[in-house]
Amino acid sequence: MVRYCCFTGLFLLLMLSSCSPQEKVITGNLPGTWELVAVYADPGDGSGTYQPVDSDNLLVLRPDGTLSANFNFCVGDAETSSGTYSLQDSTLRPDCPDLRRLPFVLVGDTLTVTNPACIEGCGERYAKVSDEPTSL
């Protein structure tokens, strides 16, 4: 009886810890220089896909948790190309007045960033071009 209870308790603990809705996929090395290679295009019906782009947009993530880019993160008149990122909640945090957080998923050398404020779905995919953060 004791072994059954211990096994059942351990099984439930493992099931609860492995089914977290907050689970993030981080399998690569985040700091470095990233280049925009694809954007998510959706006509508003959920049938969207990532389409390749030819872009000079670079995103630099430094080991100290800061970020910079050669493009504007903010919507409207505000402009910023800097901010921070968090591995704890897997978000980019641009220094925009609206204080939005952009969730990301890192799998290997592909960084996918989404914008939850988009109604029709927005996303960008970046490919790692260097493990070293470049100066912008």
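Just so you know, these numbers come straight off a predicted model, no measurement behind them.

Rules of the game
- Residues numbered from 1 in each chain as written.
- Predicted model: local features only at pLDDT ≥ 70, side-chain atom pairs only at ≥ 80, totals over all residues.
- Heavy atoms only, no water.
- 1 Å grid on protein atoms, 1.4 Å probe; cavity = no way out; pocket = protein on both sides within 12 Å on 5 of 7 lines; lining within 4 Å.
- Points joined across faces, edges and corners; volume = space filled by probe spheres on them.
- Helix = DSSP H or I, 4+ residues; strand = E, 2+ residues; numbered from the N terminus.
- Nonpolar A, V, L, I, M, F, W, Y, C, P; charged D, E, K, R; others polar.
- Salt bridge = Lys/Arg side-chain N within 4 Å of Asp/Glu carboxyl O.
- Buried < 20%, exposed > 50% of the residue type's maximum accessible area, 1.4 Å probe, protein only.
- Phe/Tyr/Trp six-rings, centres within 6.5 Å; stacked < 30°, edge-to-face > 60°.
- Lys NZ or Arg CZ within 6 Å of the ring centre and 35° of its normal.
- Disulfide = S-S within 2.5 Å.

## A few points about the layout of surface pockets
Space inside the largest pocket adds up to approximately 210 Å³. Taken together, 13 residues form the lining of the largest pocket, with Arg100, Leu102, Val113, Asn115 and Glu124 sitting closest to its centre. Every element with two or more residues in the lining of the largest pocket is listed here: strand 8 (110-114) and strand 9 (123-130). A per-element tally of the lining of the largest pocket places strand 9 first, with three residues. Of the residues belonging to the lining of the largest pocket, the class tally is eight nonpolar, three polar and two charged.

## Some points on the pattern of salt bridges
Where charged atoms from two side chains of opposite charge approach closely, those side chains can pair. Under the defined criterion, the tally for this structure stands at three salt bridges. A salt bridge links arginine 93 to aspartate 89; the nearest nitrogen and oxygen atoms lie 2.7 Å apart. For aspartate 131, the salt bridge identified is with lysine 128, shortest N-O distance 3.0 Å. By relative accessible area, lysine 128 is classed as buried at 14%.

## Quick notes on the packing of aromatic side chains
Under the defined criterion, the tally for this structure stands at two aromatic pairs. Between phenylalanine 71 and phenylalanine 73 the ring centres are 5.1 Å apart and the planes differ by 55 degrees, which places this aromatic pair in the tilted class. Phenylalanine 71 sits in the buried class, given a relative accessible area of 15%. The aromatic ring of tyrosine 50 is capped on one face by arginine 125, whose charged end is 3.8 Å from the ring centroid.

## Thoughts on the state of the cysteines
Applying the stated rule across the entire model yields one disulfide. What pairs with cysteine 74 in a disulfide is cysteine 96, and their sulfur atoms sit 2.2 Å apart. Between cysteine 74 and cysteine 96 the disulfide shows an S-S torsion of about -100 degrees. By sign, it is left-handed. With cysteine 74 in the loop between strand 4 (66-69) and strand 5 (82-86) and cysteine 96 in the loop between strand 6 (91-94) and strand 7 (102-107), the pair connects residues that are 22 residues apart, well separated along the chain.

Taken by themselves, the reported measurements are silent on function.
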